[in-house]
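Examining the three-dimensional arrangement
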Protein chains: 4
Amino acid sequence: MHHATTTTAAPDTPASTGRTGLWLVGARGSVATTATLGLAALAAGHAPATGCVTAAEPFDGLALPAFGDLVVGGHDVAPTTMVKQAEALAAAGMIPGHLLSATRDALAAADAEVRPGYDPRQHHGSQQEAAEALAADLTAFRRTHDLDRVVVVDVASTEPPLDLLPEHEDPALLRAALADPDRAVLPASSVTAYAAVLAGCAYASFTPSAGMTVPVLARWAAEAGLPVAGQDGKTGQTWLRTVLAPAFTARGMRVLSWAGTNLLGGGDGATLADPVAARSKLTSKNRGLRDLTGTDVTPLHIDNVPDLGDVKVAWDHVHVEGFLGSRLTLQTTWSAHDSMLAAPMILDLARLLALAHAAGVSGPVPELGYFFKDPWGSDVHGAAAQAIQLADWARRTADVAGHRP
Amino acid sequence: MHHATTTTAAPDTPASTGRTGLWLVGARGSVATTATLGLAALAAGHAPATGCVTAAEPFDGLALPAFGDLVVGGHDVAPTTMVKQAEALAAAGMIPGHLLSATRDALAAADAEVRPGYDPRQHHGSQQEAAEALAADLTAFRRTHDLDRVVVVDVASTEPPLDLLPEHEDPALLRAALADPDRAVLPASSVTAYAAVLAGCAYASFTPSAGMTVPVLARWAAEAGLPVAGQDGKTGQTWLRTVLAPAFTARGMRVLSWAGTNLLGGGDGATLADPVAARSKLTSKNRGLRDLTGTDVTPLHIDNVPDLGDVKVAWDHVHVEGFLGSRLTLQTTWSAHDSMLAAPMILDLARLLALAHAAGVSGPVPELGYFFKDPWGSDVHGAAAQAIQLADWARRTADVAGHRP
Amino acid sequence: MHHATTTTAAPDTPASTGRTGLWLVGARGSVATTATLGLAALAAGHAPATGCVTAAEPFDGLALPAFGDLVVGGHDVAPTTMVKQAEALAAAGMIPGHLLSATRDALAAADAEVRPGYDPRQHHGSQQEAAEALAADLTAFRRTHDLDRVVVVDVASTEPPLDLLPEHEDPALLRAALADPDRAVLPASSVTAYAAVLAGCAYASFTPSAGMTVPVLARWAAEAGLPVAGQDGKTGQTWLRTVLAPAFTARGMRVLSWAGTNLLGGGDGATLADPVAARSKLTSKNRGLRDLTGTDVTPLHIDNVPDLGDVKVAWDHVHVEGFLGSRLTLQTTWSAHDSMLAAPMILDLARLLALAHAAGVSGPVPELGYFFKDPWGSDVHGAAAQAIQLADWARRTADVAGHRP
Amino acid sequence: MHHATTTTAAPDTPASTGRTGLWLVGARGSVATTATLGLAALAAGHAPATGCVTAAEPFDGLALPAFGDLVVGGHDVAPTTMVKQAEALAAAGMIPGHLLSATRDALAAADAEVRPGYDPRQHHGSQQEAAEALAADLTAFRRTHDLDRVVVVDVASTEPPLDLLPEHEDPALLRAALADPDRAVLPASSVTAYAAVLAGCAYASFTPSAGMTVPVLARWAAEAGLPVAGQDGKTGQTWLRTVLAPAFTARGMRVLSWAGTNLLGGGDGATLADPVAARSKLTSKNRGLRDLTGTDVTPLHIDNVPDLGDVKVAWDHVHVEGFLGSRLTLQTTWSAHDSMLAAPMILDLARLLALAHAAGVSGPVPELGYFFKDPWGSDVHGAAAQAIQLADWARRTADVAGHRP
Ligand SMILES: NC(=O)c1ccc[n+]([C@@H]2O[C@H](COP(=O)([O-])OP(=O)(O)OC[C@H]3O[C@@H](n4cnc5c(N)ncnc54)[C@H](O)[C@@H]3O)[C@@H](O)[C@H]2O)c1
Ligand SMILES: NC(=O)c1ccc[n+]([C@@H]2O[C@H](COP(=O)([O-])OP(=O)(O)OC[C@H]3O[C@@H](n4cnc5c(N)ncnc54)[C@H](O)[C@@H]3O)[C@@H](O)[C@H]2O)c1
Ligand SMILES: NC(=O)c1ccc[n+]([C@@H]2O[C@H](COP(=O)([O-])OP(=O)(O)OC[C@H]3O[C@@H](n4cnc5c(N)ncnc54)[C@H](O)[C@@H]3O)[C@@H](O)[C@H]2O)c1
Ligand SMILES: NC(=O)c1ccc[n+]([C@@H]2O[C@H](COP(=O)([O-])OP(=O)(O)OC[C@H]3O[C@@H](n4cnc5c(N)ncnc54)[C@H](O)[C@@H]3O)[C@@H](O)[C@H]2O)c1
Ligand code: NA
Ligand code: NA
């Protein structure tokens, strides 16, 4: 590590963990573009870091990479550039015009670092070759920008659920299948995850797609000493539910049912209009809730409402039993620009996984569960409890990182 | 302490802190009657202890008085008995008919322990005499029922805010004023609180009334080695706000405004229809919120809607700034029988203050802040943080109590 | 007609259209039981006719059968009596205990008039025989109680949508199929409707089931000079939508999307948990809305939430374009006991179809569209416009009825 | 009338009622600026007339002035130009940037027609002189632009309620007081209304201020043969209430309580933060509701929430009694840009009052009650009934106007 290169750390803040690459899979999507534009705005001082967990205490006192030390690149399979995507988001009223103007060059620069992703419908050759090509992109990116490390974050379109095959659980079988040009044993998200392992990158999955959950891949990541975190960003309705549910439990109350519905447009709305793709999402949205409340009456819907654009509106109806069999209801209506919730978390994850990598943390990081609907390595779903775990972990890990050579 | 008298403790639960009196000021009101009826139902096994914080872990493993070890008495200035009050609450659909039948005798027995409270409009003589008469009721109650201790809980009608006088801050001046039959220097709630001190009782204020907040009284309570806790039960909307607000802060978001409105009927609705009485309540409802969010745009209303009866409906509109100046809104609608929220907390407070008293805790107990809108001795308002403090405190205090002779 | 038998008409109210039978198909269900209990309570003066359209002007001045002139009977396939059903509804908090006590005898009397319905899973023999047996029940009921006429109202469980067969459109084919003991060409609801035609009864369909919509049946009803009305009671969310949607149109605004969700338990909740049965309901719920707004972005869900019992909670999110492309949102949350909404409408339909029958109206009555999600013979869906049509029609028809011999 | 000058009427649309001045009192406020900008956008074809009642049938077939035939001028007491106001509204996200660009010149032209209004704090001299000066502005405007008629619409800041004086009811006393330079017997809104009478202009009051309600002024307007309409624009929450309340009544249901709260920022929010000014508004908001429902449990609040800008969020909780004493609740949450609701109604009123003037209608026009919370000359509050009255009146009046020389 050479802390000397950090650009924005003030004299009295701790040394940063160094220049870090943030490699976005799905780089031209709504979340990735908002994260990239936001990072540029933050690094240049055009906007405060509101919405970033790591901007406040205790994280602001720890040796995380400064926003100015993050360099963006990524994979995508779509031709629309980040600049075009940002223009569309600005026209829809999500991104303020003055921030778009101020970051246009930075977006263009990031987009210049975007390489063609793995597209199963286009690819010829074995998946091993595909993964190696993606890994080569990562390695080149790290070298070109003289980065201490690269964190890969999957923010690509949600895939349908994966049915586990024997190959997914047996290294030898998987290696053979990957080498076979006539097979496509892994979904795209897992080819991506494999590439991160090959290139020695920390990795986070912000989607419900299979990605690193293929058992053999998870094992290879751990063997390679890489920290990984997932899965499916907990940004809105699910976050709210995991704030509320433990609070009812602490009151000794019994949740009878928790019904919800989601309305959204945008790219994610269109993807999830496909019931098969939506299944992954609905499952991961309900897992924590059932765990926290003990009820399985949790009907949930996602509707594609194109006229809402990137705004997600979520309604929840919670029916609770209290003292002497009495009933109470709580309804919540949440309305937010979905990508504006996700983007700062992407930056948080980049900073925290950089820390984990610097400290030599390897395998799933349960304490990053705060960011995910379906936390790897953890059964803790309550947001308040997760926030405490996260802060403790970050302090401890920063300590370890600070003492490594 | 003679634990032998505990009636419901199973062999493997810890020894109870003994037979405890629960003395309710405002004993014939909605909250008090519901608590008394509920206690009888719980003790007799007619209902589970849903809604009681102390029924779940870690509290269920600690030496708190068993529900069956609590004996109820109280003061009130109204002639309607608890049985009549319970019948009215059952007719309004709040209390199930079968529970009323099952507890009718217990209610009548408790009502037989209700003594005339201090009514400023009726009283002749000095306030010192009034307080001593109330204290004599407490002492007689303790003796008659052979109680280890008595916990006084104020659940009387909310009073208007108190303007502090020099007498309230100077023991000598207060003593003189109390002795003067032509003066009424204390509001009724504070005469009550003073009586608790005179009788050596633990004390909790579930209302926003002045009660024990008169500085000289607070000092006398501490000097008498009595644990006290307050103030204004945090049962519904305010509880919800203190669950949500810290969660936004943890996300690095900025609450811009938090507007709310409350609709309720019942006795409390009628009392708070008086804008002067409502002022105490509105102030204590907003204090924590402002502290937690940093905004002072927190308009709040309480409306008397008689047709709602004891149901409280509360709507909140939260306007939040997130990443890059984006805005999100959260609306919540809460609908609950207010007394059903409050009653189990009264039982919790009786059990926990009995523990505190047994352990020799004296003065305000900040860790009981979980139960209050305006926690004495504490700046912590977030419900999750308070829950952790409460559990830690209860464990530690049970330890101390267990080692006292 | 012999108006002399009317029992409750005051001297100055117009002569009633006579003693009328109300034959409920699904007589032991929640809606039917509530209607029967309510009718008894109204006739005996135990409750005002709140919630009945026909209790207010202009209907209260017209010659409709008095509540006391309605006699209830019906078909059902379930063994649980109306008294048991009413007890269950009372235990669930929907029906007040004192009304149950006051009407217990009347309910038992009505239940004594309930005959076994047509159950496709049990029936042996041809559907013609089945329909004739049901018709014989109707005829016997009319004769026994000396009724001027009988109105059949279908409030049985919702059936899955029907795929039209050639038999449904061709009288000869249908007759042949009905006679064939090995075929079951009609769904239960249509066998019922056919029975009403055979027995010369007015008929209303409060469900989305096929019933009288089989084209040949509708023709036979018209040929028999019978008034029929349908379909699918417009009681809650859909009613609200048809109140609101025309109001937006009158403002020159454009509805972009109207998303909704329904939570309910009870018998209807369980039935509609079956996605196939729910399909009929969802279709008829959305038809009017699309017609009124012009948008087809109307995602809608029905969820079975058993802990809600007979309470239906419906949330709608309306996204509207106004001046200069501006957007507004309206959210509505509706919470009501579903059967309490439906029951008075059943009584209204009985009274109004009795009037239609007395006036010789034949075939679908478009002006009764006010009561239905999917109004037969009408394209008018807006509730305000329907209310005007209904009042005009009732006045005119009462006039005609008054002049018939 | 010289219809030849109309610019946008297509060959087959009826002849317009001619070139019409729209004189906005409060011309630089949010509503007035939005109306002016919108008019320019509509006239130039940059936006459709969504949100305008008169753009749809039956009004689109009647001889109303075309949008292109309306010319804007006005009075204001503030120096900020319409262009600046529009820029602020665009920055706040209410007005789309491209429409601001497209209408900037038209806004500047309209602002050039804005004359100093009557400001009681600045004025020296008698109110008679003040009114004559304002009237002279109106006359000059009509002459300069060669207008057939001018419609004055008051959209100035809401004033506190007026206490009626003897002068307000007696012409001679009023004349004397107006002539007295040491008295200010009329509020600003009424000086304005008087000026409209002096200049022979049709007049509408979109605010709850006293304006033309001073009895002597109303009489003078009628004597001068001028049509007047008011009062207080019914644009959002109140409109919604008058849509819903009659619908409950038609169902035979009984509204028990209707509680509401309003959150808004912007200029109107700041004005109404003053409880005295808010009183006028709260009164006119509740009048119709009480009339329609018969309940007087209608608590209502208006809160200034600056961070909401021009967005108005309104929550209503409706508690209704239905069949057999059952209860239902309806909650509505409305969120809209307040000025976007009001602006098209201003254009509608200009067109319809031009028609009234052309047809020789004089005095209060009850059928314009559709647009107002407190309809002059009418007891009809239900929105659906008002819409029917309005359409009938417009047809009849267009007929009359068409036959006048
Ligand atoms: N609040 C949130 O926004 C939120 C929360 C949780 C999870 N997520 C998840 O984040 C993901 C991104 O959401 P979004 O709104 O940006 O979606 P989006 O549709 O705007 O963007 C997805 C991007 O992924 C790209 N892509 C698709 N397949 C790819 C592949 N094989 N390789 C590389 N790129 C590929 C697409 O071309 C597109 O640019 C989704 O999976 C979503 O479920 C978002
Ligand atoms: N969720 C809740 O119910 C909740 C939450 C927080 C605080 N509180 C507070 O709890 C208190 C009780 O609420 P409630 O709904 O039972 O009200 P209530 O009106 O039903 O009962 C109040 C009782 O106090 C009695 N009282 C009045 N003055 C007295 C005096 N001087 N001495 C003795 N008794 C007196 C009255 O006669 C009445 O019986 C209120 O102050 C309320 O603000 C309730
Ligand atoms: N607000 C409302 O309640 C509402 C509104 C619109 C429509 N509906 C419709 O009204 C119907 C009744 O609703 P419910 O809540 O009373 O349901 P329910 O399940 O309580 O009652 C249905 C009854 O129909 C009986 N039944 C089933 N098949 C039958 C057959 N072949 N012949 C005779 N009886 C039969 C059942 O045994 C049961 O007693 C449903 O179709 C529902 O969709 C109700
Ligand atoms: N949906 C709505 O926006 C709505 C609905 C009903 C009524 N209204 C009423 O419309 C009015 C305007 O609302 P707004 O949001 O545009 O308010 P605003 O504060 O933006 O504008 C009011 C304008 O009136 C001007 N003004 C004040 N006193 C004046 C005087 N004596 N003569 C001339 N001009 C004067 C002010 O300078 C300001 O430019 C308010 O009274 C409001 O209550 C608005
Ligand atoms: Na997990
Ligand atoms: Na139809």
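Going along each chain's sequence as written, the residues are numbered from 1 onward. Note on labels: chains are lettered from A, ligands numbered from 1, in written order. Per-residue local features are limited, in this predicted model, to residues with pLDDT of at least 70; the limit for side-chain atom pairs, both in listing and counting, is 80 or more; totals at the level of whole chains, interfaces and linings are taken over all residues. Only heavy atoms go into the side-chain values, all of them from the structure, while hydrogens and water stay out.

If you look chain A up in an unreviewed UniProt entry, it shows as Inositol-3-phosphate synthase from Isoptericola haloaureus.

**Some thoughts on the coordination of the sodium ion (ligand 5)**
Here is the rule: Because no water is among the atoms considered, metal sites can look incomplete, with donors defined as N, O and S atoms within 2.8 Å of the metal, or 3.2 Å for Na, K and Ca. Under the scheme applied here, a residue whose accessible area is under 20% of the maximum for its type counts as buried, over 50% as exposed, and between as partly exposed, the area being computed with a 1.4 Å probe on protein chains only.
For the sodium ion (ligand 5), the full set of protein donor atoms is P375 of chain A (O) and S378 of chain A (O), and the range of their distances to it is 2.4 Å. Residue classification places S378 of chain A among the buried positions, given a relative accessible area of 14%.

**Focus: the coordination of the sodium ion (ligand 6)**
The protein atoms donating to the sodium ion (ligand 6) are P375 of chain C (O) and S378 of chain C (O), with metal-donor distances spanning 2.3 to 2.4 Å. When sorted by exposure, P375 of chain C lands in the same class as S378 of chain C, which is buried.

**Some remarks on the relation of the copies chain D and chain C**
The following threshold applies: Least-squares superposition aligns the copies on the C-alpha atoms of those residues with pLDDT at or above 70 in both. By definition in these notes, contact holds between two residues if any of their heavy atoms fall within 4.5 Å.
For these two chains of identical sequence, chain D goes onto chain C by a turn of 180 degrees and a shift of 0.0 Å along the axis, with RMSD 0.0 Å. The symmetry that links the two subunits is that of a two-fold axis. Scanning chain D for the C-alpha nearest the rotation axis identifies T332 of chain D, at a separation of 2.2 Å. Looking at the interface residues of chain D, 100% of them are also at the interface in chain C, so both copies use one shared face.

**Quick look at the interface of chain D and chain C**
So the rule is basically this: Note on terms: buried area is the combined drop in 1.4 Å-probe accessible area of two parts once they are placed together, counting the loss on both. Put simply, DSSP marks the helices as runs of H or I at least four residues long and the strands as runs of E at least two long, and each gets a number from the N terminus on.
In this assembly, 49 residues from chain D lie in contact with 49 residues from chain C. When chain D packs against chain C, the two sides together hide about 3900 Å² of surface, and 69% of this comes from carbon and sulfur. On the chain D side of the contact with chain C, R251, F323 and L324 of chain D bury the most area, a combined 24% of that side's loss. Of all the secondary structure elements, the ones that give two or more residues to the side of chain D that touches chain C are helix 1 (30-43), helix 9 (237-250), strand 10 (327-337), helix 12 (338-358) and helix 13 (383-402) of chain D. When residues of the side of chain D that touches chain C are assigned to their parent elements, the largest contribution, 10 residues, is made by strand 10 of chain D.

**Regarding the site of ligand 3**
Residues and elements named next belong to chain C. Our working definition: In this text, near means that some heavy atom of the residue lies within 4 Å of the molecule or strand in question. Identification of polar contacts relies on pairs of N or O atoms within 3.5 Å, with a donor-acceptor requirement for protein atoms, meaning one able to donate a hydrogen and the other able to accept it, and with residues adjacent in sequence counted only if both atoms are side-chain atoms. Residue burial considers only the protein chains on display, and all accessible areas are found by Shrake-Rupley using a 1.4 Å probe. Lys, Arg, Asp and Glu make up the charged group, whereas Ala, Val, Leu, Ile, Met, Phe, Trp, Tyr, Cys and Pro make up the nonpolar group; the residues left over, Gly among them, are polar. Note that the domain bounds were set by an automatic or database domain assignment.
In the vicinity of ligand 3 lie 27 residues, with S30, V31, D76, A156 and T158 positioned nearest. Between an oxygen atom of ligand 3 and a side-chain N or O atom of D76, the distance comes to 2.6 Å. Within the complex, 90% of the 850 Å² of free accessible area of ligand 3 lies under protein. Looking at the shell around ligand 3, the elements that each hand over two or more residues are helix 1 (30-43), strand 2 (70-76), helix 9 (266-272) and helix 11 (338-358). Taken together, the residues that form the shell around ligand 3 break down as 10 nonpolar, 10 polar and 7 charged. The two domains that each donate at least three residues to the shell around ligand 3 are domain 1 (3-233 + 340-402) and domain 2 (237-337).

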